[in-house]
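# Structure assessment
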Amino acid sequence: MMQMTQPRAEVSETIVAHYSELAFRALLAEVNLTPKPGLVDRNNCGAHKDMALEDFQQSAAAIRPYFPRFIQLGASTAALPECEVLQNLRPIGIACEAAMFRATEGVNTHKGSIFSLGLLCAAIGRLHQQQRAITPMAICQTVAAFCHGITERELHHNNHQQTAGQRLFRLLCLTGARGEAEAGYPLVINMALPHYHALLTQGTDPELALLDTLLLLMAHNGDTNVASRGGMAGLSWLQEYARTLLANGGIRKPADLRHLQEFDHVCIARNLSPGGSADLLIITWLLAQISQYHP
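Remember, it's a predicted structure, so these values are computed and weren't measured experimentally. (Residues numbered from 1 in each chain as written. Predicted model: local features only at pLDDT ≥ 70, side-chain atom pairs only at ≥ 80, totals over all residues. Heavy atoms only, no water.)

### Concerning the overall build of the protein
When helices and strands are tallied, the protein shows 14 helices and zero strands. Reading the protein from its N terminus to its C terminus gives the helix and strand order α-α-α-α-α-α-α-α-α-α-α-α-α-α. In the protein, which comprises 295 residues, the share counted as buried stands at 53%. Taking the intrachain contacts of the protein between residues at least 6 apart in sequence as the baseline, contacts between residues at least 24 apart amount to 72%. Of the roughly 13400 Å² of accessible surface on the protein, 53% is carried by carbon and sulfur atoms. (Helix = DSSP H or I, 4+ residues; strand = E, 2+ residues; numbered from the N terminus. Buried < 20%, exposed > 50% of the residue type's maximum accessible area, 1.4 Å probe, protein only. Contact = heavy atoms within 4.5 Å. Areas by Shrake-Rupley, 256 points an atom, 1.4 Å probe, with all protein chains shown as cover.)

### Here's the deal with the packing of helix H5 (residues 111-129) against helix H14 (residues 275-290)
When two helices pack together, their arrangement is given by the angle between the helix axes and the distance between those axes. Packing of H5 against H14 leaves a shortest axis separation of 9 Å and a crossing angle of 25°. Classified by the angle their axes make, H5 and H14 are roughly parallel. Regarding H5 and H14, the two cross each other, and that crossing is right-handed. When H5 is examined against H14, the residues Gly-112, Ser-113, Ser-116, Leu-117, Leu-120 and Ile-124 are found in contact with a partner set consisting of Asp-279, Ile-282, Ile-283, Leu-286 and Ile-290. (Axes fitted to C-alpha atoms, helices over the stretch in contact; angles between N-to-C directions. Parallel < 35°, antiparallel > 145°, perpendicular 65-115°, else oblique. Left-handed = near helix turned anticlockwise from the far one by under 90°.)

### Describing the packing of aromatic side chains
How two aromatic rings sit relative to each other is set out by the distance from centre to centre and by the angle between their planes. Applying the stated criterion across every chain, the model contains three aromatic pairs. Ring centres of Trp-237 and Phe-263 lie 6.0 Å apart, and the angle between their planes is 70°; on these two criteria the pair is classed as edge-to-face. Taken as a pair, Trp-237 in helix H12 (residues 224-247) and Phe-263 in helix H13 (residues 257-270) lie far apart in primary sequence, 26 residues in all. Ring centres 4.0 Å apart and planes at 5° place the aromatic pair Tyr-241 and Phe-263 in the stacked group. One end of the pair, Tyr-241, is in helix H12; the other, Phe-263, is in helix H13, and 22 residues separate them in sequence. Here Tyr-241 falls in the partly exposed class, since its relative accessible area comes to 23%. Each member of the aromatic cluster is reached from another via a ring pair, and the members are Trp-237, Tyr-241 and Phe-263. Directly above the aromatic system of Phe-24 lies the positively charged group of Arg-64, at a separation of 3.9 Å from the ring centroid. Lying across the ring of Trp-237, Arg-270 places its NZ or CZ 4.1 Å from the centre. (Phe/Tyr/Trp six-rings, centres within 6.5 Å; stacked < 30°, edge-to-face > 60°. Lys NZ or Arg CZ within 6 Å of the ring centre and 35° of its normal.)

### A look at the pattern of salt bridges
Applying the stated criterion across every chain, the model contains six salt bridges. Note that Lys-36 and Glu-30 form a salt bridge whose closest N and O atoms lie 3.8 Å from each other. Look at Glu-30 and you get buried, because its relative accessible area is 6%. Across the pair Arg-126 and Glu-82 runs a salt bridge, and its minimum N-O distance is 4.0 Å. Of this pair, Arg-126 sits in helix H5 while Glu-82 sits in the loop between helix H3 (67-76) and helix H4 (85-104), and the two are 44 residues apart along the sequence. Judged by relative accessible area, Glu-82 falls into the partly exposed class, the value being 31%. (Salt bridge = Lys/Arg side-chain N within 4 Å of Asp/Glu carboxyl O.)

### A look at the side chain of Asp-264
Considering the arrangement of structural elements, one finds Asp-264 in helix H13. Buried within the structure, Asp-264 lacks any salt-bridge partner; its nearest side chain of opposite charge belongs to Lys-36, at an N-O separation of 8.9 Å. Look past the residues within four positions of Asp-264 in its chain and what remains in contact with it is Lys-36, Pro-37, Gly-38, Leu-39, Asn-44 and Gly-46. (Lys, Arg positive; Asp, Glu negative; His and termini not counted.)

### Observations regarding the packing of H4 against H5
Contact geometry for H4 and H5: axes closest at 10 Å, N-to-C directions at 135°. Relative to H5, H4 is oriented oblique. Crossing handedness for the pair H4 and H5: right-handed. Here Val-85, Leu-86, Leu-89, Gly-93, Cys-96, Glu-97 and Met-100 of H4 come into contact with H5, specifically with Lys-111, Ile-114, Gly-118, Leu-119, Ala-122 and Arg-126. Looking at the contact of H4 with H5 residue by residue, the class counts come to eight nonpolar, two polar and three charged. (Nonpolar A, V, L, I, M, F, W, Y, C, P; charged D, E, K, R; others polar.)

### Looking at the confidence of the model for the protein
Within the protein, residue pLDDT values average 90, and 87% of them lie at 70 or more. Looking across the protein, the model is least confident in helix H8 (residues 164-172), with a mean pLDDT of 53, and most confident in helix H11 (residues 206-220), with 98. (pLDDT = per-residue confidence, 0-100.)

### Some details on unusual backbone geometry
Along the chain, Thr-34 connects to Pro-35 via a cis peptide bond; the corresponding omega equals 0°. With respect to the helices and strands, the residue Pro-35 is situated in the loop between helix H1 (13-32) and helix H2 (53-63). Non-glycine residue Glu-105 carries a positive phi angle of around 55°. Relative to the assigned elements, Glu-105 resides in the loop between H4 and H5. For Glu-105, a relative accessible area of 75% gives the class exposed.

And the structure:
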């Protein structure tokens, strides 16, 4: 008897190209956004002495070819339980990280974004293959299902203080990128994305709206990048500074940019860089574009 084999799931080139391009543009939208407190932008290198704008641009270009692979992997594993997808994603993620490090000569520019965008792209591929609506909420719920138990496995039980994230969980109970993904990015879905949409609806300049949304994320995110540099005291200071700026009107007009420039100077002096919030801003921008797309 001839054995039947399952055909390999393929997403149309149009769909793959569209979402891959959005993921790439999300990386560029974040790094080119200026001024950003403590972060690399068009003005300066923020609190970083080992990376510049060009590193992020080269890194984004190196990562770009992997987004279609994440999407196709999500489609080809659509019949598997969600909990089995992450282990299939890891080899692509590792190869993508290696490409990033080659492009930047060893500088970690986008490791967090590779993790989050890889998950989001795979979720898009899965939803498309299952003929389900590709919405921000559905994507984030799918990512949460992919990552179910990841903090328990990798932070509680397999915590040998090998990575900064594992050390910070042991010392400060911050779950970082793993915790956000496992929870389905609640800071993005419940806070940043509605905030960004509301500002755009009010007619706020898109760049200013994105900067104000970054402030909102900084005010609420338990950013492990900040904590690794400044401890809980540094994280609390940064959150409070961001909350104060928001309470005083935020970033709604060009004149408000001077407040961000001052914030940037102080972050640099304190050696604080909210990279985790920047990663969440990339997700916010991407999901904002997806919510407007109806193939």
